[in-house]
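A closer look at the structure
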Amino acid sequence: MPSKQPAAIHLEGATLEGGGQLLRIALGLSSLTKKPVSITNIRGKRSAGGGLKAQHLTSMLWLGQACNARISGAGLRSKEITFTPNPLPSIHQDITVGHVSISQSTPGSINLVLQAVLPYLLFSGAQDPIQLRITGGTNVSNSPSYDYVEQVLIPMLSIVGVPSITTSCHSRGWSTGSTRLGSVTFTVTPLTTTLPAFQLTDRGIVKSIRATVVAPRDSEQGFRDNLDLMFEKRLARIFSGTENPEIHVTFEDSHHEKRYYLLLVATTSTGLKLGRDWLYDRGVRTGKTTQVIPNIVRKVSDDLITEIEHGGCVDEWMMDQLVVFQALAKGKSRVNRGRRGGRKVETSLHAQTAMWVAERIIDVKFDGEGGCEGMGFSPGSEQGDVEESALVEGVSKLEVST
Ligand SMILES: Nc1ncnc2c1ncn2[C@@H]1O[C@H](COP(=O)(O)OP(=O)(O)OP(=O)(O)O)[C@@H](O)[C@H]1O
């Protein structure tokens, strides 16, 4: 006999970090497990009233289509949604044919859309690589840049056992001062078996640093000189214990006087990546650029040294971005977050939020020390609570009501 559809799991959107990440993780896990979720007070800790921005709405609509969900409340600035995946087995046609295209008409972060849909694509049960093309912003404040995703996130996912993800950036899109959108293709190889538990416990020593600068052409020499000076002064702190440290600097013209971006990535002897960056895309006026470059170099190198000196295996951003994979992996994964001032590095608010959401939607528990016994999600499996639902009959395509 068909069982009743379970009540939606309610999440208060202002909890902990109270931003868009709560929604992305909730919808990603709901789409996979088929458990309905309702979120109220969406982005309740953000200014300007919160609610869904275009980036969040786009991600939700795509996930809704992918898992054949019934959605209520889908609209810009909406503060309340209910997302009810169709529990019947299905795999979206775009995934089966291996081409997914997600277009944004504003420079909303491409990489946050990726964050929303990646777990679904990886665990979809698809057999072949999927080309995922997303338009929007590649370098957007308060989000992972394209460069961070390529140089830190993807290598770290590979270390934890996620199959190959390759990227190709067709054009950059910045969060201000442009109508030009960026465009990136990610080629994602889905998992064919459960993701095994992973152990990020041994940090090793820093062997190399890569500096990526994207800035106006006439600032290239200034960046190179300031980076040289910084490495000279801080070599011992960055490369403590390394005999032949490697430093690579790459420069790309941002073609705009107000667009400055610097990413520093440390690679350790155990292959781990720690990254810190700065996006300076406004408020730079001619004549003041002499101050901008040293300030950016100082800020980013200070932040990277803080990450290096805690001795942990992840930087602040990676800490929350790995949570969903720990939750879905099979067995106990551990992430060493390092120590600062004689105490363990605190769980970031973003990471606490991701854990809170995962614990509410799936049966996992984080131990507060970087450990979690994951649920062992099988790619393509139907893990919702509903056996067969009469209630969702007729839901064969995305339904959106505002
Ligand atoms: N400089 C950065 N490098 C890498 N990742 C970053 C960086 N800044 C933020 N992030 C990541 O971006 C995500 C931001 O989530 P958050 O909820 O704050 O964003 P959002 O969807 O833009 O929502 P909101 O507009 O509500 O802040 C987190 O996963 C965080 O780790």
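Residues numbered from 1 in each chain as written. Predicted model: local features only at pLDDT ≥ 70, side-chain atom pairs only at ≥ 80, totals over all residues.

The protein is annotated in an unreviewed UniProt entry as RNA 3'-terminal phosphate cyclase from Macroventuria anomochaeta.

**Quick look at the overall build of the protein**
What counts, and what does not: Secondary structure counts use DSSP, requiring at least four H or I residues in a row for a helix and at least two E residues in a row for a strand, with both numbered from the N terminus. It is over C-alpha atoms that the radius of gyration is taken, and the globule rule equals 2.2 Å times the number of residues to the power 0.38. To sort residues by exposure, count the other C-beta atoms lying within 10 Å of each residue's C-beta; 20 or more gives buried, 12 or fewer gives exposed, and values between give partly exposed, all with C-beta atoms placed from the backbone. By definition, residue pairs are in contact when their C-beta atoms, positioned from the backbone, come within 7 Å.
Counting its secondary structure elements, the protein contains 10 helices and 18 strands. Rg of the C-alpha trace for the protein: 21 Å, near the compact-globule value of 21 Å for 402 residues, within the 12% margin. Structurally, the protein occupies a C-alpha span of about 70 × 45 × 40 Å along its principal axes. Buried residues in the protein amount to 47% of all 402 residues. Once local pairs closer than 6 in sequence are excluded, the contacts in the protein between residues at least 24 apart make up 79%.

**Quick notes on the environment of glutamate 80**
Counting through the fold element by element, glutamate 80 comes out in the loop between β3 (70-72) and β4 (81-84). Looking at glutamate 80, the number of C-beta atoms within 10 Å reads 14, which means it is partly exposed. Sequence separation between glutamate 80 and glutamate 12 is 68 residues; the distance between their C-alpha atoms is 9.5 Å. Not counting chain neighbours up to four residues away, the residues in contact with glutamate 80 comprise Ile39, Thr40, Ile42 and Gly73.

**Focus on the sheet that holds strand β5 (residues 99-102)**
Where strands meet in a sheet, backbone hydrogen bonds hold them as pairs that are either parallel or antiparallel. Rules: Only strands that DSSP links by at least two bridges are regarded as paired with each other. Note on geometry: axes are C-alpha line fits, over the in-contact stretch for helices, and angles between N-to-C directions span 0 to 180 degrees.
A sheet is described by the order of its strands in space; here 4 strands give the open sequence β5-β6-β8-β7, paired in mixed fashion. Each of the sheet's edge strands pairs with one partner strand only, and the pair in question is β5 and β7 (165-171). Each strand of the sheet is rotated relative to its neighbour by a mean of 15 degrees, with strand direction disregarded. By the bridge criterion, 4 bridges tie β5 to strand β6 (residues 130-136) in an arrangement that is parallel.

**A short note on the sheet that holds strand β11 (residues 246-253)**
Spatially, the 4 strands line up as an open sheet ordered β11-β10-β12-β13, and their pairing is mixed. Both edges of this open sheet fall to β11 and β13 (273-280), since each of them pairs with a single strand only. For this sheet, the mean inter-axis angle between neighbouring strands, taken without regard to orientation, is 10 degrees. For strand β10 (residues 206-215) and β11, the ladder comprises 8 bridges, and the chain directions are parallel. By the bridge assignment for β11, alanine 211 is matched with valine 249. Relative to β13, helix α5 (residues 146-159) is tilted by about 160 degrees, and along the sheet it contacts β10, β12 (260-268) and β13.

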